[in-house]
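Breakdown of the fold
Chain by chain, the residues:
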Amino acid sequence: MPTNKAKLGVYVDQELKAHVEKLAALESRSVSNFIEILLKELVANAKAEGKLQ
């Protein structure tokens, strides 16, 4: 499916990957979508704390 979103590749250890997959599945989300939500929350919190504009 085409998207206009930027691609972000990361390396993580196998245990972390397994945990993230489990958490994403519990919320019926893809790993990509789950991580995007986490990152959006992280950025929103950083903005609220004045770390980002």
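Scroll up for the structure.
Below: a short report on this structure.

Here the focus is helix α2 (residues 31-48). Owing to its 3.6 residues per turn, the α-helix brings residues three or four apart onto one side. Spanning 18 residues, α2 covers 26 Å between terminal C-alpha atoms, matching the ideal 26 Å at 1.5 Å per step. A positive phi of about 80 degrees marks Gly50, the residue just after α2.

This brings us to the pattern of salt bridges. For the structure on display, the rule yields five salt bridges. One salt bridge connects Lys17 with Glu21, and the closest N-O pair in it is separated by 2.7 Å. A residue pair is termed a helical-turn pair when its members lie 3 or 4 positions apart in one helix, as Lys17 and Glu21 do in helix α1 (residues 14-26) at four residues. On the accessibility criterion, Lys17 (39% relative accessible area) is partly exposed. By relative accessible area, which is 35% here, Glu21 ends up partly exposed. Ionic pairing is found between Lys40 and Glu36, a salt bridge with its closest N-O pair at 3.5 Å. Taken together, the residues span about one helical turn, with Lys40 and Glu36 both in helix α2 at a distance of four residues. On the basis of relative accessible area, Lys40 is assigned to the exposed category, the value being 53%.

It is worth spelling out the packing of α1 against α2 at this point. As a packed pair, α1 and α2 sit with axes 9 Å apart at the nearest point and diverge in direction by 90 degrees. Relative to α2, the element α1 is oriented roughly perpendicular. Contact residues: α1 offers Val20, Glu21, Leu23 and Ala24, while α2 offers Val31, Phe34 and Ile35. Classifying every residue of the contact of α1 with α2 by side-chain character gives six nonpolar, no polar and one charged.

Rules of the game
- Residues numbered from 1 in each chain as written.
- Predicted model: local features only at pLDDT ≥ 70, side-chain atom pairs only at ≥ 80, totals over all residues.
- Heavy atoms only, no water.
- Helix = DSSP H or I, 4+ residues; strand = E, 2+ residues; numbered from the N terminus.
- Expected span 1.5 Å × (residues − 1).
- Salt bridge = Lys/Arg side-chain N within 4 Å of Asp/Glu carboxyl O.
- Buried < 20%, exposed > 50% of the residue type's maximum accessible area, 1.4 Å probe, protein only.
- Axes fitted to C-alpha atoms, helices over the stretch in contact; angles between N-to-C directions.
- Parallel < 35°, antiparallel > 145°, perpendicular 65-115°, else oblique.
- Contact = heavy atoms within 4.5 Å.
- Nonpolar A, V, L, I, M, F, W, Y, C, P; charged D, E, K, R; others polar.

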